[in-house]
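# Structural description and commentary
Residue-level listing of the chains:
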Amino acid sequence: MEIPYTYKARPDTGLYNAKVGIWLFLASEIMLFGALFSAYILLRVSAPVGFWPDVGLAWPRGLLNIPIGTFNTAVLITSSVTVVLAWASLKMNNFARFRVYMVITVLCAFAFLGIKSFEYNDKFSHYVIRLQDGKALTGHIEVDGKHPRFWNFSDQWSVAKLATQKVTKIKVEMDPERDMNGHVKAHGSHDHEVREVAVSDIAFMGSYTPATHPFFAVYFLITALHGLHVLGGALVLGYFAFPGAKMWKSNPEQFINRIEVGGLFWHFVDLVWIFLFPVVYLL
Amino acid sequence: MQSTAPHAHTSATDSSHGHAHHEPGFFSKYIFSTDHKVIGIQYGVSALLFLLFGFLLMLVMRYQLANPGKAVPLVGPLLEYVLGQDVAKGGVVGGDLYNSFGAMHGTIMVFLAIVPVLFGAFGNYVTPLQIGAPDMAFPRLNMASFHAYFLGGVVMIASFFTPGGSARSGWTSYSPLASITDPTNLFDGQTYWLMGMVLLITSSLLGSVNFIATIIQLRCRGMSWMRMPFFVWAQFVTGFLLLLAFPPLEAAGLMQLMDNLFGSSFFLPQGLVVSGTPLQVSGGGSPLLWQHLFWFLGHPEVYVLILPAFGIVTEVISNNIRKPLWGYKSMVYSVMSIGFLSFIVWAHHMYLTGMGTKVATFFQTTTMMISIPSVIILTALFISLWGGSIRFNSASLFALSFLPMFGIGGLTGLPLGFNASDIFLHDSYYVIGHFHYVVAPGTMFAVFAGIYYWFPKITGRHMNELLGKLHWAGSLFFMNCVFAPMFIQGFKGMSRRMSDGGTTYFGGLGGDPGVLKLNNMIFWSAIGLGICQIPFIINFFSSIFMGKRATSDNPWQATTLEWSTPTPPPHGNFLQEPVAYRGPYEYSVPGAKSDFSPQGDKN
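Residues numbered from 1 in each chain as written. Chains lettered and ligands numbered in written order. Predicted model: local features only at pLDDT ≥ 70, side-chain atom pairs only at ≥ 80, totals over all residues.

### Quick word on the overall build of chain B
Check the secondary structure of chain B and you find 17 helices and two strands. Computed over C-alpha atoms, the radius of gyration of chain B comes to 25 Å, within 12% of the 25 Å expected from 2.2 N^0.38 for 603 residues, which places it in the range of a compact globule. Counting only C-alpha atoms and orienting by the principal axes, one finds that chain B spans roughly 75 × 55 × 50 Å. When burial is assessed residue by residue, chain B has 54% of its 603 residues classed as buried. (Helix = DSSP H or I, 4+ residues; strand = E, 2+ residues; numbered from the N terminus. Rg over C-alpha atoms; globule rule 2.2 N^0.38 Å. Buried ≥ 20, exposed ≤ 12 C-beta atoms within 10 Å, placed from the backbone.)

Below, the structure is given as structure tokens:
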């Protein structure tokens, strides 16, 4: 006996197997991301006051690049539209147009990941520094005339490491001044000022990475997990666009189903970002 | 085409032939099989081996509790040889090794033995047969699910051999205890534990999607929802529990992995001091967050451990009382209520964390509510016995003793569900007694009942009845001797977390030393319990080759669809398309030609 309803819909449920499967899978995914968002909320509301030095608040705000995030949102939404158009093109029996839309979708996915890694890079070289006199400053640092790079973990600096490498002074390209809500002040006191800081004056320094603050831990965990979903989705959709597309000849109905199922996953990935962007970037 | 076995189709031109394939090789037949029956057996054999391993860990721990600080006889030198001088010096189980065995006993029993044997083995083998399906909806996912499970098991076992030994923070892995790692040894037992869990969660995700999709989509003609055997209902609800409850633990596991590997502070508060030195972390995290995420899985997981057991017991009992099941529909609605309610009771594991009284009251109320549907199911099974002509064979004896044993487990849970009494009992042996009554004489008896019951379908041969009854009588006696004394110890306030069997605890507080002597009784009863499994092991293997041949495809004269397949069922299961003409438990129908009316028989 063959397994029934692999691509034909079962009459009483109106669904084929894979569609039931993907919806169940997405339900599970909602619980996964839901747990992470809940963790974010719990950590944020219970964060001790004065924990983040830059702002007088407990939780860092305004540290992420909103224009870039907005642009990335647009990229992802575009890909969500094109994946629907790809599926609709197949429904209208236009394979060439399907492939064009699918390629755009996959390109958008990789554009998203590229922009994301640019943002990551920025965070890895961005430091918060607490001085011995209690003052704090944030900005990009330069050690021996070099900016730290995120793909090189040995480029991560701490006070102890600076001391062992006998570095006496580092340069800090100061961030613009912020108000209590984390918004950049229109006329801050030190716009683009580069300050030299003696290592002996530094009590603590840490890059914008998970070890420095739970905010970054949450940010990197959720966005990296989301990024993995984008990558996985892009690979599967890319497979459908090229090597997997030969099924269009042998079993078009099942092929269209596959695109639909892949598209459902892609919309979910998009939807996670739609929640992620305001929660992590804007609020 | 999504074929069940890609190798089966040598010529793609002829799509009408499903069975004309040559004999697959060893690897494609036993290792990379996509047949739900082979995967079920793979799950069953692996899970039973893990079960034995978990049991042996427990024996070593019980020896240490009964004879604190003494070298373990027989096993001691082996431990010293395998795990090394610094871990098990002189064959003595020290505090660290005890903790490591405790954590791994729990993890192995819950995630690698009981759930796989219930859901993976029985679920895989029986569910598609009972709903009249040729296979699972996604056979290749099914295979992937088993492989992820097996790999997870390998990672867990491998963790024993990492420097520093396996995870030591209990099967619950509470942070900060589990997050305080040696920075020079990042890939320690805890990291292995987390990676193993991610694999196991992946496995259960693939499995649960597959089960639910199969039950929704692949029911044969006539198999309406209310004609499904109760076992299938139990698997269906279990599938949803696994699907929705496991991801939060995966999220928590990823966070703990970040804490341990990248120095983040998801679960580490500010100002944490370990052995006198402040911990070099940013802080700002919450240890309670881990507990919430863990128990959000943990409590549905308890029902994952018991619902399929209800299903198996229902099948065995309904067959052996030769009368219709009492209250089938109320059992179905009960199992659905349990599924829903199990998601909102988790914090009753956390009364000791100092939650507010209002929150405690909420969880106490939901906990009491969830006992109602459990009692309905048990009551329906008890009432079903009334007036039945009960056949006493090994399967039904195990199933029948499940009822009172689970009853004890369930009823002793009520004081733990109440906030006020739980605060006294929570850290005591009472909890161990309660939980093990649910899972050991409860779930395990259902597993044994299922093995004796479905063995003739799987192998074509019966298991030996005499050995089976010996196994049953011994297990029942010794299970109670092992777990009942724990209630006494718990009431006397003996802590459940001490590696020396409570010696220091009672010594310091002047407790009743008589309670400590019970440790001896428990140890020897556990040995007895182990000896009673020998008839089972002999029976299991010898019956595969030498057991009495099953006289027909339906030796128990059962009604459900799995008995209308050939024995053992071939690839694709049914010879003709099965049709369900009636409900699952139509025994002794007035006017019928025999005392059972199979679902698949038209007349």
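### Describing the domain arrangement of chain A
Each domain of chain A was delimited in the assignment, giving domain 1 (17–122 + 214–282) and domain 2 (126–207). Summarising the inter-unit geometry, the C-alpha centres of domain 1 of chain A and domain 2 of chain A are found 33 Å apart. (Domains from an automatic or database assignment.)

### With respect to the interface of chain A and chain B
The interface of chain A with chain B comprises 33 residues on the first partner and 38 residues on the second. Mapped by element, the contributors of at least two residues to the side of chain A that touches chain B are α1 (17–45) and α5 (214–241) of chain A. It is α1 of chain A that provides the largest number of residues to the side of chain A that touches chain B, a total of 14 residues. Here the side of chain A that touches chain B is built from residues that sort into 23 nonpolar, eight polar and two charged. (Contact = placed C-beta atoms within 7 Å. Nonpolar A, V, L, I, M, F, W, Y, C, P; charged D, E, K, R; others polar.)

### Section: the packing of helix α9 (residues 328–341) of chain B against helix α10 (residues 357–385) of chain B
Residues and elements named next belong to chain B. Running from N to C, α9 and α10 cross one another at 155 degrees; their axes reach a closest spacing of 9 Å. Here α10 runs roughly antiparallel to α9, going by the angle between their axes. α9 and α10 meet at a crossing whose hand is left-handed. Of α10, the residues touching α9 (which contributes Ser330, Met331, Ser334, Val335, Ser337, Ile338 and Leu341) are Thr366, Met369, Ile370, Pro373, Ser374, Ile376, Ile377 and Ala380. Split by residue class, the contact of α9 with α10 holds 10 nonpolar, five polar and no charged. (Axes fitted to C-alpha atoms, helices over the stretch in contact; angles between N-to-C directions. Parallel < 35°, antiparallel > 145°, perpendicular 65-115°, else oblique. Left-handed = near helix turned anticlockwise from the far one by under 90°.)

### Side note on the pairing of strand β3 (residues 169–174) of chain A
Residues and elements named next belong to chain A. As paired elements, strand β2 (residues 136–142) and β3 share four bridges and run antiparallel to each other. Across the sheet, residue Gly139 finds its bridge partner in β3, namely Met174. Sheet topology places β3 next to strand β4 (residues 194–198); five bridges connect them, and they run antiparallel. Along β4, the bridge assignment pairs Ile170 with Val197. (Pairing = 2+ DSSP bridges.)

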